[in-house]
Amino acid sequence: MTTASFGVLVGLLLAQLAVYCVGLSVSVGDSLTLPCHGDPSRDVEWRFQQYEYPEWLLVAELHTGSFSQGCGFQGRVESFYLTEPGNYSLTLSPVVYSDLGIYKCRYMDGIILSDVKLEIRGPSSVPVAMGNSASLPCFGNINIQARADDLDILWMRGGEKVYQLHKNTIAYGPRFENRASVSPEQALYGNMSLTIRQTRFSDEGKYQCFYSSPKESGNPDSVRLLVTGHPPQNLTVEAGGLLSIPLYTADPVRVTFSAGLGSDEVLMLDANKGPARYGERCAQRCELLAQNYTLLLWSVTLEDAGVYKVTDPETNKTISSVSLEVSAPPLSAGAVAGIVLGVLGVLGVLGVLGVVLLVLGPFAFWKFLKKLAKPVVRYQAASAEDQNDSSSRAAVILIPDSPEPFLLGRYGSCSPRIRSPHVRIGSFSHRTPSPRVRNKSFSHRTPSPRV
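None of the values given here were measured: they were computed from a predicted structure.

> Before we move on, could you go through the overall build of the chain and cite the residues and values that matter?
When helices and strands are counted, the chain shows 3 helices and 32 strands. Counting across all 451 residues of the chain, residues that qualify as buried make up 33%. Of all intrachain contacts in the chain linking residues separated by at least 6 positions in sequence, the fraction that spans at least 24 positions is 55%. Total accessible area on the chain is roughly 26300 Å²; 58% of this is exposed by carbon and sulfur atoms.

> Give a detailed account of the packing of aromatic side chains, specifying residues and quantitative values.
All chains considered together, the criterion is met by 5 aromatic pairs. An angle of 65° between the planes, with centres 6.0 Å apart, marks the rings of tyrosine 163 and tyrosine 172 as edge-to-face. The exposure class of tyrosine 163 is buried, given its relative accessible area of 1%. Three or more aromatic residues link up through ring pairs in this structure, and these residues are Phe48, Phe73 and Tyr103. Positioned above the aromatic ring of tyrosine 107, the side-chain terminus of arginine 42 is 3.9 Å from the ring centre.

> Account for the side chain of aspartate 312, with residues named and values stated.
Mapping aspartate 312 onto the fold places it in strand S27 (residues 306-312). Here aspartate 312 sits buried without a salt bridge, and the closest side chain of opposite charge, arginine 175, lies 6.9 Å off (N-O distance).

> How would you explain the state of the cysteines if you had to name every residue and give the values?
The tally for this structure, following the rule as stated, stands at 3 disulfides. The disulfide partner of cysteine 282 is cysteine 286, and the gap between their sulfur atoms is 1.5 Å. Judged by the sign of its S-S torsion, about -125°, the bond between cysteine 282 and cysteine 286 is left-handed. On the basis of relative accessible area, cysteine 282 is assigned to the buried category, the value being 0%. Here the cysteine-cysteine linkages of the chain are recorded as 1-2, 3-4, 5-6, numbering only bonded cysteines and doing so in sequence order.

> Please provide a residue-by-residue account of the confidence of the model for the chain, values included.
In this model, the chain carries an average pLDDT of 78, and 75% of its residues clear a pLDDT of 70 or more. Long-range and interchain partners of residues 6-17, a stretch whose pLDDT sits below 50, account for 5 contacts in this model, where long-range means more than four residues apart. Within the model, the stretch residues 406-435 combines pLDDT values under 50 with 61 contacts to residues more than four positions away or in other chains.

> Go over the nonpolar core with me, naming the residues and quoting the values.
By size, the foremost hydrophobic cluster in this structure holds 49 residues, and its most contacted members are Leu136, Trp155, Leu194, Tyr207 and Tyr308. For this core, the leading source of residues is strand S28 (residues 317-327), giving 4 residues. What leucine 194 contacts, discounting residues up to four positions off in sequence, is Ala134, Ser135, Leu136, Trp155, Val162, Tyr163, Ala180, Ser181, Val182 and Tyr207. The next biggest cluster of nonpolar side chains, apart from the first, holds 30 residues, and it includes Leu34, Val77, Leu113 and Ile120.

> Describe the sheet that holds strand S16 (residues 194-196), and please don't skip the residues or the numbers.
Pairing within the open sheet is antiparallel, and its 3 strands lie in the order S11-S16-S15. Edge strands, defined here as strands with exactly one partner in the open sheet, are strand S11 (134-136) and strand S15 (180-181). Pairing analysis gives 3 bridges linking S11 to S16, with the strands arranged antiparallel. Within S16, the residue paired with serine 135 across the bridge is threonine 195.

> Give a description of the pairing of strand S22 (residues 253-258) that names residues and reports values.
S22 sits mainly inside the fold: 5 of its 6 residues count as buried. Pairing analysis gives 5 bridges linking S22 to strand S23 (residues 266-271), with the strands arranged antiparallel. From the neighbouring strand, threonine 256 faces S23, where its bridge partner is leucine 267. Alignment of S22 against S27, held across 5 bridges, turns out to be antiparallel. Looking across to S27, one finds that serine 258 is bridged to valine 307.

> Pulling in residues and values, what's your account of the pattern of salt bridges?
As enumerated under the stated definition, the model contains 13 salt bridges in all. A salt bridge links glutamate 45 to arginine 106; the nearest nitrogen and oxygen atoms lie 2.9 Å apart. With glutamate 45 in strand S3 (residues 44-50) and arginine 106 in strand S8 (residues 101-107), this pair connects stretches of sequence that are 61 residues apart. By relative accessible area, which is 25% here, arginine 106 ends up partly exposed. Where arginine 157 meets glutamate 160, a salt bridge forms, and the shortest distance between an N and an O atom there is 3.6 Å. For arginine 157, a relative accessible area of 15% gives the class buried. Given the relative accessible area of 28%, glutamate 160 is considered partly exposed. Each of the salt bridges in this network shares a partner with another, and the network as a whole consists of Glu45, Arg47 and Arg106.

> Help me get a handle on the environment of proline 329, residues and values and all.
Relative to the helices and strands, proline 329 is located in the loop between S28 and helix H3 (333-372). Overall, proline 329 belongs to the partly exposed group, its relative accessible area being 46%. Between the C-alpha atom of proline 329 and that of alanine 239, which follows or precedes it by 90 residues, the distance is 5.4 Å.

> Quick one: what's the story with a nonpolar patch on the surface, residue by residue and with numbers?
A surface patch of nonpolar side chains, amounting to about 940 Å² of accessible area, comprises Ile339, Val340, Leu341, Val343, Leu344, Val346, Leu347, Val349, Leu350 and Leu353. For isoleucine 339, the location among the structural elements is in helix H3.

Reading the values: the criteria
Note on numbering: residues in each chain are counted from 1, in written sequence order. Local features in a predicted model are, by the rule used here, given only for residues with pLDDT of at least 70; side-chain atom pairs are given and counted only at 80 or more, and totals for whole chains, interfaces and linings are based on all residues. Derived side-chain values reflect all non-hydrogen atoms in the structure, with water molecules and hydrogen atoms excluded from consideration. Numbering of helices and strands runs from the N terminus; a helix is a DSSP stretch of H or I covering at least four residues, while a strand is a stretch of E covering at least two. Accessible area is worked out with a 1.4 Å probe on protein chains only. A residue is then buried under 20% of its type maximum, exposed over 50%, and partly exposed in between. Two residues qualify as a contact provided that any one of their heavy atoms is within 4.5 Å of a heavy atom in the partner residue. Every accessible area reported is derived by Shrake-Rupley at a probe size of 1.4 Å, with residue values counting cover from the shown protein chains alone. Here is the rule: rings of Phe, Tyr and Trp (six-membered ring for Trp) pair when centre to centre is within 6.5 Å. Planes less than 30 degrees apart are stacked, more than 60 are edge-to-face, and the remainder are tilted. Sitting over a ring, as applied to charges here, requires NZ of Lys or CZ of Arg to be within 6 Å of the ring centre and within 35 degrees of the ring normal. By the counting scheme adopted, Arg and Lys are positive, Glu and Asp are negative, and His together with the chain ends is not counted. Each salt bridge in this description consists of a side-chain nitrogen of Lys or Arg and a carboxyl oxygen of Asp or Glu lying within 4 Å of one another. Pairs of cysteine sulfur atoms within 2.5 Å are what we label disulfides. pLDDT is defined as a per-residue confidence score from the predictor, taking values between 0 and 100. For this analysis, a nonpolar core means a set of buried residues of the types Ala, Val, Leu, Ile, Met, Phe, Trp, Tyr and Cys, connected via side-chain atoms within 4.5 Å. Strand pairing is assigned whenever DSSP detects at least two bridges linking the two strands. Only residues above 30% relative accessible area that lack a salt bridge enter a patch, with like-charged residues linked at up to 9 Å and the nonpolar side chains Val, Leu, Ile, Met, Phe, Trp and Tyr linked at up to 5 Å.

Take a look at the structure:
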């Protein structure tokens, strides 16, 4: 064998022995792909070793045209090799804490193709809105072959027992009765997370998880629970309607009302380790639904508009608040009919006035024109020859459409007289003028058009 051919053979052998090594970190509940590629014509298997346990457990076997899953992985692994020859990667979903460990992809003859080290992440704090359920994570290396009778799990908060599961026997700490729980089925997979229902502000604090005998700390070794209030709500209710105020807890809880900024708070409900007590504003119209954690206010009025605040009397923290606007109720059929009749009545009066104006308007205009057409009587000074008689007087009658005026004599007889446009108009008194003004002519003034 030549040196060149020996080098090629060694290269092929090393290529076959090459191992793909990778470290992955995921959170519980995520999906994960374990990478592996090899000869499409060969059968492959995946093996898994839990940390601190020597056994190599079967994950999956990938034979030509067939695929099988190992114990503890049924329904959680899928393969690509049936659609992509040579791709022996596995998808693992959802990830549980007992999946923590080392995974190897290899041919049936033992040649390793891939080596994956899997780490599981856990949160250090858990926020939750008051009244909702919270899940505090805790994971441990539980033997995959363990049974429920073998479980020994303890949760503590500040040195105080919260929950303990020991050989199928459950014990609660103070204030956590029937609110704290651990799933035994999930614990067999290393997930010993604690669920707290109907969380309260007093549940806040640092929690720790222990398992097995002797006790071992779970991962994470501690987790802090943060309880927050709920966002404020804005509601609009019609007058006479129903207001529903969410309490998020049945006991302890207090509800107060204020009409607005600067207004005093008025008690609506106080439920704290005893029978619920209602305030005067709420006594006849309120109903507490303890099962639904809701306070009902019936027959809402315009005076009920304002802010309703729900608080925890133990910590005096605000759980939630509701800002209420009350709208006027819709008009009844009778009210609408009354408005319509009123409008029609007003329109009827206006119509009558319009008819009256339409009828009397032309008549009034005709009367006005007729008044303008009457003869205008004006007095003017007598001529020199007529002034010989101290009692004589004359008047000019202007007749419309007449080419010349008439002169009215002393005894009322009329005779045509041409009136000069410069004749000044005056008037005589009906008594004999004073001797000093007998022959005196009248002052020259422009006649008034309405004399």
